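Working through the structure, step by step
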Amino acid sequence: MNAMRSNRFNPVIKMWVFEEIIDGRKLTDIINQEHENVKYLPGHKLPKNVVAVPDVHEAAAEADVLVFVLPHQFVSQVCEQLVGHIKSDAFGISLIKGIDYGPEGLKLISDIIRTTLNIEVSVMMGANIAREVAEDKFCESTIGSKNKRHGQILKELLQTPNFRIAVVENCDTVELCGALKNIVGVGAGFCDGMDCGDNTKAAVIRLGLMEMVAFAKMFSKGTVESTTFLESCGIADLVTTCYGGRNRKVAEAFVRTGKTIEELEKEMLNGQKLQGPQASVEVHKFLKNRSQTDKFPLFTAVYQICYEKRPVQEFITCLQNHPEHM
């Protein structure tokens, strides 16, 4: 909506959409004709200036700002397709809440975009459940940008009266919060599945936040500002994830049904990807490589319960024996 109202931005927003057939019609045609993403955000109208484009080259051509919102598993593939097809002075912003472990170790998604496309990349994370944002309910978000000018342009582009944005320079910490809170959200879902109650969930949130802070300090090359965890990307997003996010919801079903994470993802998410369990895999590889898993028992337990058949009841044992209590 801001693009339509401002003289600074091109009013037409091209949105790359992976083409799918929905009830015999192309998803891009449905979006452009009915202005609704009937698969991933049904019941909410999109502004008419948002144009769905099935060709990623066409969508990115001549764009000054590239906004990345897709499952982190597909980022490298999409970025490789864009090499040589974007403006040399374009810059990006990533809303992707994930991390990736490859041959070179653990990488932030923004770093993958940055190195592949050779552009500057900011990030935006916060307590922003998509359905509530689409319903224009008040919320906050955090932009992490190492380039102050880009940060202010992005804030002007994205902020509305009901979507308030703070801009901070601690970009890596903002992004890490977005990935790590999903692991904690899985732990909160385990507690709900075992009917542990709100006191236990509060402990999960507190201990999870402590592990998030400790991991950020271990991973980041620069300074980690503790105040960043008080922004929407930190404690606010963590609370929302532990009470209302899909990681919590699927983790609860994991306990109650006995089905695998993969089965529940297919049944419950309508084609969307669950980020928490996958993030726990990437984090576990990083910690195991440094013999640090014992210092992050909550992160480690989530991984082991999801993928190594550790009994979910032992999640409470991990809380009882957490280093924060020793």
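Residues numbered from 1 in each chain as written. Predicted model: local features only at pLDDT ≥ 70, side-chain atom pairs only at ≥ 80, totals over all residues. Heavy atoms only, no water.

Comments concerning the overall build of the protein chain
In plain terms, the rule: The helix count covers DSSP runs of H or I at least four residues long, the strand count covers runs of E at least two residues long, and both are numbered beginning at the N terminus. Taken over C-alpha atoms, the radius of gyration is set against a globule rule of 2.2 Å times the number of residues to the power 0.38. Burial status follows relative accessibility: with a 1.4 Å probe on protein chains alone, a residue under 20% of its type maximum counts as buried, one over 50% as exposed, and anything between as partly exposed. When checking whether two residues touch, look at their non-hydrogen atoms; a contact exists if any pair is within 4.5 Å.
The number of helices and strands found in the protein chain is 15 helices and 11 strands. Against the 2.2 N^0.38 benchmark of 20 Å for 326 residues, the protein chain shows a C-alpha radius of gyration of 20 Å, consistent with a compact globule. Overall size of the protein chain, expressed as C-alpha extent along the three principal axes, is 60 × 45 × 40 Å. Here the protein chain holds 326 residues, and the buried ones make up 48% of them. The long-range share in the protein chain, meaning contacts at least 24 apart out of those at least 6 apart in sequence, stands at 68%.

A short note on the pattern of salt bridges
Put simply, the rule is: Whenever Lys or Arg places a side-chain nitrogen within 4 Å of a carboxyl oxygen from Asp or Glu, that contact is recorded as a salt bridge.
Summed over all chains, the structure comprises 19 salt bridges. The partner of D237 in a salt bridge is K181, and the shortest N-O contact between them spans 3.6 Å. Taken together, the residues D237 in helix 10 (residues 232-244) and K181 in helix 8 (residues 171-193) connect sequence positions 56 residues apart. Via salt bridges that share partners, D192, D195, K201, R248, E252 and R256 belong to a single interconnected network.

Some thoughts on unusual backbone geometry
With glycine set apart, most residues show a phi of negative sign, and most peptide bonds adopt trans. A positive phi angle is found at E62, which is not glycine, with a value near 70°. The residue E62 is located in the loop between helix 3 (56-60) and strand 5 (65-68) in this model. One non-glycine residue, S291, lies in positive phi territory at about 55°. Examined against the element boundaries, S291 turns out to sit in the loop between helix 13 (276-289) and helix 14 (297-307).

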